[in-house]
Amino acid sequence: MCPPYGFLYLFYKPNAIMIQEGMAKLALSKEEKISKKLPVFYNPIMKLNRDISIFLLNALGEDLSVGDIMAGSGVRAIRFLLECENIASVTANDMSINAIKSIKENCALNGIEVIEGEYAESNKTKKLLLHNKDARMFLLESGGFGYIDVDPFGSPCQFLPSACERLARGGILAVTATDTSALSGTYLSACRRKYWSNPLRNHLMHEVGLRILIRRCQLSASQYDKALLPIYSFSTDHYMRVFFRCEKGKKKTDDILKEHRYLLYCNKCGHFEISDKNDGECCSAMQAAGPLWVGQLWDASLAEKMAGSGGLMDIIAEEAKVPSIGFFDVHVLSKLMKLGHVKRNDAILSAVKSAGYKVARTHLSQSGYRTDMPLDEFKKILGA
Ligand SMILES: [Zn+2]
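Let us look at the structure shown here. Keep in mind that this is a model prediction, so the values were computed, not measured. (Residues numbered from 1 in each chain as written. Predicted model: local features only at pLDDT ≥ 70, side-chain atom pairs only at ≥ 80, totals over all residues. Heavy atoms only, no water.)

### Overview of the sheet that holds strand β11 (residues 260–265)
Just so we agree on the cut-off: When DSSP finds two or more bridges between two strands, those strands count as paired. Only DSSP runs of H or I reaching four residues or more are called helices, and only runs of E reaching two or more are called strands; each is numbered from the N terminus. Only the stretch in contact is used when a helix axis is fitted, and all axes are lines through C-alpha atoms; the angle between N-to-C directions ranges over 0 to 180 degrees.
The strand order across the open sheet built from 3 strands is β12-β11-β13, with neighbouring strands paired in antiparallel fashion. Edge positions in the sheet fall to β12 (272–275) and β13 (287–293), since each of these pairs with one other strand and no more. The mean angle between the axes of side-by-side strands here comes to 25°, regardless of whether they run parallel or antiparallel. Here β11 pairs with β13 via 5 bridges, running antiparallel.

### So, unusual backbone geometry
Across the junction of Gly290 and Pro291, the peptide omega takes the value 5°, indicating a cis bond. Positive phi is not limited to glycine here, since Asp225 has a value of about 55°. Positionally, Asp225 belongs in the loop between α9 (205–222) and β9 (226–235).

### Quick look at the pairing of strand β6 (residues 127–131)
Put simply, the rule reads: Each residue is assigned to one of three classes by its accessible area relative to the maximum for its type, calculated with a 1.4 Å probe on protein chains only: buried under 20%, partly exposed between the two thresholds, exposed over 50%.
Among the 5 residues of β6, 4 are classified as buried, and the element is accordingly described as predominantly covered. Alignment of strand β4 (residues 89–93) against β6, held across 4 bridges, turns out to be parallel. When the sheet's bridge partners are listed, Asn93 is paired in β6 with His131.

### Some words on the sheet that holds strand β8 (residues 167–177)
Heads up, the condition is: In this analysis, two residues are considered to be in contact whenever any of their non-hydrogen atoms come within 4.5 Å of each other.
On the basis of which strands lie adjacent, the open sheet formed by 8 strands has the order β5-β6-β4-β3-β7-β8-β10-β9 and mixed pairing. Edge positions in the sheet fall to β5 (113–116) and β9, since each of these pairs with one other strand and no more. Strand-to-strand twist of the sheet, defined as the mean angle between neighbouring strand axes without regard to direction, takes the value 20°. With 9 bridges connecting them, β9 and strand β10 (residues 240–248) associate as antiparallel partners. Bridge pairing in β10 links Leu228 to Cys246. The sheet strands contacting helix α10 (residues 250–257) are β9 and β10, and the helix crosses β9 at an angle near 45°.

### Quick look at the coordination of the zinc ion
Quick note on the threshold: A 2.8 Å cut-off from the metal defines N, O and S donors, relaxed to 3.2 Å for Na, K and Ca; water is not in the atom list, so some sites may appear incomplete.
The coordination sphere of the zinc ion, as far as protein atoms go, consists of Cys266 (SG), Cys269 (SG), Cys282 (SG) and Cys283 (SG), spread over 2.3 to 2.4 Å. The sequence pattern describing where the donors of the zinc ion fall on their chain is C-x2-C-x12-C-C. A residue pair is termed long-range when its members are at least 10 positions apart, and Cys266 in the loop between β11 and β12 and Cys283 in the loop between β12 and β13 qualify at 17 residues. Cys266 sits in the buried class, given a relative accessible area of 0%.

### Points about the packing of helix α8 (residues 188–195) against α9
Heads up, the rule is: In this scheme, roughly parallel covers angles under 35 degrees and roughly antiparallel covers those over 145, while 65 to 115 is roughly perpendicular and the rest are oblique. Gly is put with the polar residues, along with every residue not named as nonpolar or charged; the nonpolar set is Ala, Val, Leu, Ile, Met, Phe, Trp, Tyr, Cys and Pro, and the charged set is Asp, Glu, Lys and Arg.
α9 packs onto α8 with a crossing angle of 25° between their chain directions and a minimal axis gap of 10 Å. Here α8 is positioned roughly parallel relative to α9, judged by the angle of their axes. Contacts between α8 and α9 involve Cys191, Lys194 and Tyr195 from the first element and Ile212, Leu213, Arg215 and Arg216 from the second. Partitioned by chemical class, the residues of the contact of α8 with α9 number 4 nonpolar, no polar and 3 charged.

### Brief notes about the pairing of β4
Heads up, the condition is: A right-handed crossover is one whose linking path, passing over the helix from the first strand to the second, runs clockwise when the strands point away from the viewer.
The element β4 is extensively covered by neighbouring structure, given that 5 of its 5 residues are classed as buried. Across the two faces of β4 the burial is the same, with Ser89, Thr91 and Asn93 and Val90 and Ala92 all buried. Taken together, the 4 bridges between strand β3 (residues 65–68) and β4 define a ladder with parallel strand orientation. Within β4, the residue paired with Gly67 across the bridge is Thr91. In this fold, the crossover linking β3 to β4 by way of helix α3 (residues 75–83) has right-handed handedness.

### What about helix α15 (residues 375–383)?
To keep it simple, the criterion reads: Throughout, the arc means the angular range of directions from the helix axis out to the C-beta atoms.
For α15, every residue scored as buried is listed here: Leu375, Phe378, Lys379, Ile381 and Leu382. Mapping the buried residues of α15 onto a view down its axis gives an arc of 155°, with all of them on the same face. For α15, exposure combined with an orientation more than 90 degrees from the buried face picks out Asp376 and Lys380.

### Remarks on the packing of aromatic side chains
As a reminder, the rule being used: Only centres within 6.5 Å qualify two rings of Phe, Tyr or Trp (six-membered ring in Trp) as a pair; their planes then separate them into stacked at under 30 degrees, edge-to-face at over 60, and tilted for everything else. By the criterion adopted, a ring carries a charge over it if an Arg CZ or a Lys NZ lies within 6 Å of its centre and within 35 degrees of its normal.
Considering all chains together, one arrives at 10 aromatic pairs under this definition. Ring centres of Tyr119 and Phe145 lie 6.4 Å apart, and the angle between their planes is 55°; on these two criteria the pair is classed as tilted. Taken together, the residues span a long stretch of sequence, with Tyr119 in the loop between β5 and β6 and Phe145 in strand β7 (residues 145–150) at a distance of 26 residues. The rings of Tyr232, Phe234, Tyr239 and Phe243 are connected pair by pair, giving a single aromatic cluster. We note Arg216 situated over the ring of Trp196; from NZ or CZ to the ring centre the distance is 3.6 Å.

Rendered as structure tokens:
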């Protein structure tokens, strides 16, 4: 049993440091660095990831039972209990006995009672249900969850079948991939092995990576006749993350699979298109990426509800209103057009809007614009 207050904790354990993330207090040992080999995994870079999960759950406002399959220090599960108003229960799991110890200590710091080894349908009393199992076993032995968070260090692929099998009808699946070098084209063979698709190595690589990750998750769900529709997606320097809504049914699943196609890109003129084939001609042979998901990356009304705090979620709310596949990068196009200048941001936005098209900045690139304006017209604006 550990003491409930931070200063007492420090008194008992002088090599610990206290941190606050959101409403959660956490005790971490001083030597902890971000590594897979750590006894207990806490990654400060993932704060934004957890913030967005909480905004999303609160924007949905649904009575979901949460399963956190690799809880690490417990920070996500504790924040869900403290910061999400509507969730039904939180059940956390970690395979590491050190993580279990840390989760219990951190729960005590936050006044959260821990119940070990139980799964519950409903638990409104802000208790944490805690398990010490392989993540896949934890899922398969459960009765299922309304929200499952797959947030591993590396690729999420090995956890997708059990997560998809235990995801409730109407539930939410959240998936993180930190192996962005595979998804965004640095390691072509790793992308093929893990994600069964070909990436692209240019300014569109993060969007292509997200769409490859989405398709991979959808394929895992399809064997259970479950259709995963992305409702929120984003990519940062260190990871990609997608939230899906799960619907059950053969027809709905078939409809999802029909949206798996290729993206073809011409690196001479910057033109790109969606195709059922993995080759095509423009100025010369086009590069092909995919198969990948060509449907929505966001539910625009959900993205709107999550906006308002400034930063990434606000950019995405605007971006979600322009549901294009791919975007134009002004640096890339200005270089292809051999322009001596790059047009200013506000000038581009107002010129595209006054021509009657939708336009928004994208969070995926500092110089990227989503628009329904054709490439040739967009180039005229850049050259003017
Ligand atoms: Zn071309």
